Every structure is written in structure tokens, then in C-alpha cells.
Amino acid sequence: MNPNHNPQSSDSGRHDDDAALTEFLASLMDYTPTIPDELVEHYLAKSGFQSPDIRLTRLVAVATQKFVAEVAGDALQHCKARQATIPKDKRDRQQKDKRLVLTMEDLTKALHDYGVNVRHQEYFADSPSTGMDPATQDE
């Protein structure tokens, strides 16, 4: 047995953690997340998860909102880094318009940092029948 282990301090720490968790879950009832509850419930149900507790749905919404905000922030940093590598003569022309343009490349790099790999489609079609054999289009 560990002589430095104090069972009372462990129980006290656990009680504090439980109280903080209970308080946080109660605060979720009053919080209106950016991502609507219905949307979160739809994707949770689509993945096979259902819970009648709205606090759990809002917890997922808050975690999703945090993830999206972090990815957007990282994509912004990639965008700024990309613009810093533009040659000076082209950059001077772009300085007049100070807006940053987020590209798919910036977003892809940011998502890759979180382990999400984005693959681009080979081409985009105007209609579902584009690229199909004319003989099979009527089927």
C-alpha cells in the first residue's frame, strides 16, 4: 500500500469533480447552442445513438461547436501563412483588398491536423446522368 495515499483526499477530489459535473450538466439546460438540438439529434440517431436527455444532446452540440471553431481558427492560420509566402509584388496588389480568402487547401490542412482526411472529387457533374453511357441513361 502506498504510504502517501490518503483515501479522504481522493474521496474529496471525487466529490468536487462530481459536483462540478452536476453543475455543468445543469447549466446545459439553460444554454442554447449554435447548432440546433434537432440537427444534433438527427445525426446522433443516424449514427445509432438515442437519448431522451437533452443535456447529452447539448453536450454533443457544444463539443461540435468547439471542434468547428478550432478547425476554422487553424484554417485561418494556414490562410495567413499561405498569404505570407506570396511574392512581394503580388502581395502589394492584394494589400489594397485586405480580405482573407479561405481556400479548400487551407481547410484541408487544418482538418488534416485533426486526423480528418479530405479527398476531392475527380470532377463535378451538372446532373446525375453526366458521364453515363447514353444507352443506360433512360433506365
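Source: prediction; values computed, not measured. (Residues numbered from 1 in each chain as written. Predicted model: local features only at pLDDT ≥ 70, side-chain atom pairs only at ≥ 80, totals over all residues. Heavy atoms only, no water.)

1. Thoughts on the overall build of the chain
- A count of helices and strands for the chain gives 5 helices and 0 strands.
- Counting from the amino terminus, the chain carries its helices and strands in the arrangement α-α-α-α-α.
- Here the chain holds 139 residues, and the buried ones make up 13% of them.
- Contacts in the chain between residues far apart in sequence, at least 24 positions, make up 58% of those at least 6 positions apart.
- Split by element, the accessible area of the chain, about 11,500 Å² in all, is 55% carbon and sulfur. (Helix = DSSP H or I, 4+ residues; strand = E, 2+ residues; numbered from the N terminus. Buried < 20%, exposed > 50% of the residue type's maximum accessible area, 1.4 Å probe, protein only. Contact = heavy atoms within 4.5 Å. Areas by Shrake-Rupley, 256 points an atom, 1.4 Å probe, with all protein chains shown as cover.)

2. A closer look at the pattern of salt bridges
- Evaluation of the coordinates by the stated rule reveals 5 salt bridges.
- Notably, a salt bridge pairs glutamate 70 with lysine 66, separated by 2.2 Å at the nearest N-O pair. In this pair, glutamate 70 and lysine 66 are both assigned in helix H3 (residues 54-84), 4 residues apart and thus about one turn of the helix distant.
- We note a salt bridge from lysine 109 to glutamate 105, for which the minimum N-O separation is 3.3 Å. You can see lysine 109 and its partner glutamate 105 sitting in helix H5 (residues 104-113), 4 residues apart, about one turn around the helix.
- The exposure class of lysine 109 is partly exposed, given its relative accessible area of 41%.
- Judged by relative accessible area, which is 43%, glutamate 105 ranks as partly exposed. (Salt bridge = Lys/Arg side-chain N within 4 Å of Asp/Glu carboxyl O.)

3. Looking at the environment of valine 60
- Its place among the elements puts valine 60 in helix H3.
- Taking the C-alpha atoms as reference points, valine 60 and isoleucine 35, 25 residues apart in sequence, are found 9.5 Å from one another.
- Those residues in contact with valine 60, other than ones at most four positions away along the chain, are Val40 and Leu44.

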